[in-house]
Amino acid sequence: MLKVSAGEAMFERDSILFDEVIYSFPVLAGLLRAAAEDDGHLSVIDFGGALGSSYYQCHKFLSILPRLQWGVVEQPHFVQCGQEHFRTDQLDFFFTLSDGIERIRPNVALLSSVLQYVPEPYDVLNELMESKIQYLIIDRTPFGDEVHDVIAIQHVPASIYPASYPCRIFSKNRFLEKLKTHFEVIAQFDSADGMAVIGGSEFTFGGMILRKI
């Protein structure tokens, strides 16, 4: 991320540097829609946003907005590093959702490749649903057709870093039923991560753009 912020690399994801930015155009569409609805102002609370990967990924498209704020909510060591090395007038880092929401008054919450790794993801969704945030954008999240969520073990390729950790595959119907109590679904889309199979059942990495009812 130091190389990205210094302009020595184009893009970073999961500690890997890329020569070109891998855009998620559905995410950009959701962000720009939210900005268009708020006189060009965009304030994003990026839950699980590492050291600002999505901020740098989207910045080329968002830099023309008259007002842009991006707050990352992360684990303590990420927040400490972010505040020391990457904080700017637009980008900041917070220890909790409530702190970030209070500080930057976001009109968008972004959750990209994070809910499946959180011990209590529905608590996170409950907090967002009870907030005044108008848009919720979800990306790179595994969804299946099972009645209930499935807990699996994800093994990271050794070429990235040697690790394994629990990963939740969401029941899409259950997930949507919960969100539809507070949000309307503007769009659903497949993510670049594609699909996979576990225990004979297929699941797909996808996302959605939702607006507060």
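Our structure is the block above this text.
Residues numbered from 1 in each chain as written. Predicted model: local features only at pLDDT ≥ 70, side-chain atom pairs only at ≥ 80, totals over all residues. Heavy atoms only, no water.

### Considering the overall build of the protein
Each helix and strand counted, the protein has seven helices and eleven strands in total. By the compact-globule yardstick of 17 Å for 213 residues, the protein fits well, its C-alpha radius of gyration being 17 Å. Principal axes of the C-alpha set define a box for the protein whose edges measure 45 × 45 × 30 Å. Burial analysis of the protein (213 residues in total) assigns 46% to the buried set. Put simply, the protein shows about 11000 Å² of open surface, and 52% of that area lies on carbon and sulfur atoms. Across the protein, the mean location of the 17 positive side-chain charges is 5 Å away from that of the 28 negative side-chain charges. (Helix = DSSP H or I, 4+ residues; strand = E, 2+ residues; numbered from the N terminus. Rg over C-alpha atoms; globule rule 2.2 N^0.38 Å. Buried < 20%, exposed > 50% of the residue type's maximum accessible area, 1.4 Å probe, protein only. Areas by Shrake-Rupley, 256 points an atom, 1.4 Å probe, with all protein chains shown as cover. Lys, Arg positive; Asp, Glu negative; His and termini not counted. Charge placed at Lys NZ, Arg CZ, Asp CG, Glu CD.)

### Structural notes on helix α7 (residues 172-179)
Regarding α7, the residues found buried are Phe 175, Leu 176 and Leu 179. Along the axis of α7, the buried residues cluster in a sector spanning 90 degrees; they form a single face. Away from the buried face of α7 by more than 90 degrees, exposed residues Asn 173 and Glu 177 are located. (Arc of directions from axis to C-beta.)

### Some details on the pattern of salt bridges
One pass over the full model with this rule turns up six salt bridges. Residue Arg 87 pairs with Asp 92 through a salt bridge whose shortest N-O separation is 2.9 Å. When its relative accessible area of 44% is taken as the criterion, Arg 87 is described as partly exposed. Given a relative accessible area of 14%, Asp 92 falls into the buried group. For Asp 149, the salt bridge identified is with Arg 174, shortest N-O distance 3.2 Å. Of this pair, Asp 149 sits in the loop between β7 (135-144) and β8 (150-156) while Arg 174 sits in helix α7; the two residues are 25 residues apart in sequence, bridging distant segments of the chain. When its relative accessible area of 14% is taken as the criterion, Asp 149 is described as buried. When salt bridges that share partners are traced, they join Arg 87, Asp 92 and Arg 103 into one network. (Salt bridge = Lys/Arg side-chain N within 4 Å of Asp/Glu carboxyl O.)

### Details of the nonpolar core
Counting residues in hydrophobic clusters, the biggest one holds 28 residues, and the most contacted among them are Leu 111, Leu 136, Phe 175 and Leu 179. Among the secondary structure elements, those contributing two or more residues to this core are β3 (41-47), α5 (97-104), β6 (108-112), α6 (121-130), β7, α7 and β11 (201-212). The element best represented in this core is α6, accounting for five residues. Residues contacting Leu 111, with those up to four places away along its chain left out, are Phe 47, Val 124, Leu 128, Leu 136, Ile 137, Ile 138, Asp 139 and Thr 141. Membership of the second largest hydrophobic core comes to 26 residues, among which are Leu 51, Leu 65, Leu 68 and Val 72. (Core = buried A, V, L, I, M, F, W, Y, C linked by side-chain atoms within 4.5 Å. Contact = heavy atoms within 4.5 Å.)

### What to know about the packing of α6 against α7
Taken N-terminus to C-terminus, the directions of α6 and α7 make an angle of 25 degrees; their axes are 11 Å apart at the nearest point. Taken together, α6 and α7 sit at an angle that is classed as roughly parallel. Seen from above, α6 lies across α7 with right-handed handedness. Where α6 abuts α7, its residues Tyr 122, Leu 125, Asn 126 and Met 129 lie against Arg 174, Phe 175, Lys 178 and Leu 179. Partitioning the contact of α6 with α7 into residue classes produces five nonpolar, one polar and two charged. (Axes fitted to C-alpha atoms, helices over the stretch in contact; angles between N-to-C directions. Parallel < 35°, antiparallel > 145°, perpendicular 65-115°, else oblique. Left-handed = near helix turned anticlockwise from the far one by under 90°. Nonpolar A, V, L, I, M, F, W, Y, C, P; charged D, E, K, R; others polar.)

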